[in-house]
Structure formats: structure tokens, C-alpha cells
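# Notes for the structure review
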Amino acid sequence: MFKRVVSAAALALMVQGAAHADELVVAAAASLTNAFKDLATQFEADHPGTKVLASFAASDVLLQQIVNGAPVDVFASADQKAMNKAEEAKAIDPATRKNFVQNQVVLIVPSDNPAKVGNAGDLGKPEVKRVALGNPATVPVGRYTQAALEKAGQWDAVKQREILGQNVRQVLDYVARGEVEAGFVFATDAAIMKDKVQVMETLKTTEPVTYPIALVQRVGRNDKAQAFQDFVLSETGQQVLAKYGFAKP
């Protein structure tokens, strides 16, 4: 039996096999980790005999694993681009695609803020040597960050100092440990480390930070997949998500 949380690497290995009939596999963006663990626990309590296996990673990484045959039942992405790719690859049932939460991108610094960063305009200062962000090629928060900074004319300064994270939680860890002078994460991620990071600015993103969820299109999909999505979209599910700082879309 798998543990409740499945690593991205373990999910990739599952391509060779299949989930057990009583196992519902949910692949969700890294920023959803805390909230979806809570949702999984509550769903299991309401559906005795069903085990939710959750895998958290950058949305594009999960997408590739789904396309390559990992036995995922539900996919929750941190941006529309990853879900668009899933739809183009016919990896999800487009009729089930729904936006379920909204977030914001914020600039954070270590709690002691050694470089005295006040906003994104300060990231070009000589005191700032390293700025962490998600890799825009594979991580939604990185894509949102790049687009917002390009529009504000601040991308070049950040690009020269970039430290790329494989997912938003890695970026959060870099800042919390003081390994970089600043970083960009989702507001919900910053909220779980209030004692180690400070939020200095909320970026004006070029599009709303909305998260879509959909059922994966595959033979043998767990028949509880729709029930899980319905639970996420329900008033109870939305209350759980709100507890972790997510807003309704």
C-alpha cells in the first residue's frame, strides 16, 4: 500500500503499474499540498474504503507524468497553461474542467531582510545577489512572475540574479533558509512560514491566478474521481481551501 502522499518520482514509477481499485490518485500543484492533504483526509472519512493518494509537484511535471500514463484520476493545476496542455494532449475530460480557487503572487524576503528589500524595484540593488523563482518553463508561479515583472519593466534585474526552483515550495524554502535575498511565491505558500519570511509586495499579474481542476481521461479511472472533484467544489471543500488562504475564483 502506498503512503498517503506520493512523490512525483513515485508517481512516475506508477506508469508501469496501476493504482488499486480502492485508491484514488490525485495529482495537484505543489502550492495545494497542505490544503489537499486536509481535503483528502476529510474525503476518506466520508468514503470508507477509499484511499486518496496525493502527489504534489510543479503542474507541468505532473502533466508529463499523466501524459506518459501514470494512473492519475484527478488533476489540479496552478495555472491555465498547464491544464490547456493537458486538454490539448487529450489527457483530461474537458467537460469536467472547472476553476476552483484563486491565489496571488507575492514577493517575499527572509524574516531579517538583510538586503533591505522593500519591493520588486529594489531587486536590482547591489545588495541583492540571488532572487528565487519557479522555473517559468515548468512552474506556474514562475510564469506568472515573469509576465508580471516584464510588464513592470523589472524582469531584466531579476533574470540576472535568478535562482530557479523546481516548484513553489522549493522557492519558499530557499527564502526561509536565507539562501537568497528574495523570492516569488504564491500568497498561500508565504502564509505557512510567517515566522521565517516577510511578504513585501503583491504582484500585479497579467492574468488572474486561477487554478483549474479536471478528471483525467483514462480507462480504469476511479469511479470516486467525480465525487472528489465535487467535494473540492462544494461549500465544505471551499471552506477548507479558504482556511489555507485560497479565495474563490
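Computed from a predicted structure; not experimentally measured. (Residues numbered from 1 in each chain as written. Predicted model: local features only at pLDDT ≥ 70, side-chain atom pairs only at ≥ 80, totals over all residues. Heavy atoms only, no water.)

## Let's talk about the side chain of threonine 145
- Summarising the element assignment, threonine 145 is placed in helix H5 (residues 140-152).
- Threonine 145 gets classed as buried once you look at its relative accessible area, which sits at 0%.
- Aside from chain neighbours lying at most four places away, what touches threonine 145 is Val105, Leu133, Phe184 and Leu203. (Helix = DSSP H or I, 4+ residues; strand = E, 2+ residues; numbered from the N terminus. Buried < 20%, exposed > 50% of the residue type's maximum accessible area, 1.4 Å probe, protein only. Contact = heavy atoms within 4.5 Å.)

## Things to note about the packing of aromatic side chains
- Counted under the stated rule, the structure contains eight aromatic pairs.
- Measuring from ring centre to ring centre gives 6.2 Å for phenylalanine 43 and phenylalanine 231, while their planes differ by 45°; the resulting arrangement is tilted. You can see phenylalanine 43 sitting in helix H2 (residues 33-46) and its partner phenylalanine 231 sitting in helix H9 (residues 225-233), a full 188 residues away along the chain.
- The buried category is assigned to phenylalanine 43, whose relative accessible area is 1%.
- On the basis of relative accessibility, which here comes to 10%, the residue phenylalanine 231 falls in the buried class.
- Considering the side-chain rings of tyrosine 211 and phenylalanine 246, the 5.7 Å spacing of their centres and the 75° angle between planes classify their relative orientation as edge-to-face. Pair noted here: tyrosine 211 is in strand S11 (residues 209-215) and phenylalanine 246 is in the segment after helix H10 (235-243), with a separation of 35 residues, a long-range link. Taken individually, tyrosine 211 and phenylalanine 246 each receive the classification buried, so the pair is uniform in this respect. (Phe/Tyr/Trp six-rings, centres within 6.5 Å; stacked < 30°, edge-to-face > 60°.)

## Observations regarding the packing of H2 against H9
- Put simply, H2 and H9 touch, their axes get as near as 11 Å, and they point 120° apart. It follows from the interaxial angle that H2 and H9 lie oblique. As for how H2 packs across H9, the hand of that crossing is right-handed. For the pair H2 and H9, contact is made by Phe36, Leu39, Gln42, Phe43 and Asp46 and by Ala227, Phe228, Phe231 and Val232, respectively.
- Of the residues in the contact of H2 with H9, the class split is seven nonpolar, one polar and one charged. (Axes fitted to C-alpha atoms, helices over the stretch in contact; angles between N-to-C directions. Parallel < 35°, antiparallel > 145°, perpendicular 65-115°, else oblique. Left-handed = near helix turned anticlockwise from the far one by under 90°. Nonpolar A, V, L, I, M, F, W, Y, C, P; charged D, E, K, R; others polar.)

## Describing the nonpolar core
- Among the nonpolar cores identified, the biggest contains 65 residues, and Phe36, Phe100, Leu123 and Phe184 are the most heavily contacted of them.
- Those residues in contact with leucine 123 that lie beyond four places of it in its chain are Leu107, Val117, Val128, Val131, Ala157, Val158, Arg161, Ala182 and Phe184.
- Within the second largest apolar cluster, 16 residues are counted, among which are Val25, Ala27, Ala86 and Ile92. (Core = buried A, V, L, I, M, F, W, Y, C linked by side-chain atoms within 4.5 Å.)

## Section: the sheet that holds strand S10 (residues 197-202)
- Pairing is mixed across the open sheet formed by five strands, whose spatial order is S8-S7-S9-S6-S10. Edge strands, defined here as strands with exactly one partner in the open sheet, are strand S8 (162-165) and S10. Direction aside, neighbouring strands of the sheet carry axes that sit 35° apart on average.
- One ladder, built from four bridges, connects strand S7 (residues 131-134) with S8; its direction is parallel. Bridge assignment links valine 131 to a residue of S8, and that residue is glutamate 162.
- Those strands touched by H5 are strand S6 (105-110), S7 and strand S9 (182-186), and its axis lies near 115° from that of S9.
- The sheet strands contacting helix H7 (residues 168-176) are S6, S7, S8, S9 and S10, and the helix crosses S9 at an angle near 145°. (Pairing = 2+ DSSP bridges.)

## As for the side chain of glutamine 238
- In this fold, glutamine 238 is placed in helix H10.
- Classification of glutamine 238 by relative accessible area gives buried; the value is 9%.
- Of note is the side chain of glutamine 238, whose polar atom sits 3.1 Å from the backbone oxygen of valine 232.
- Setting aside chain neighbours within four positions, we find glutamine 238 in contact with Phe100, Val101, Val232, Leu233 and Lys248. (Polar contact = N/O pair within 3.5 Å; in protein donor to acceptor, adjacent residues only side chain to side chain.)

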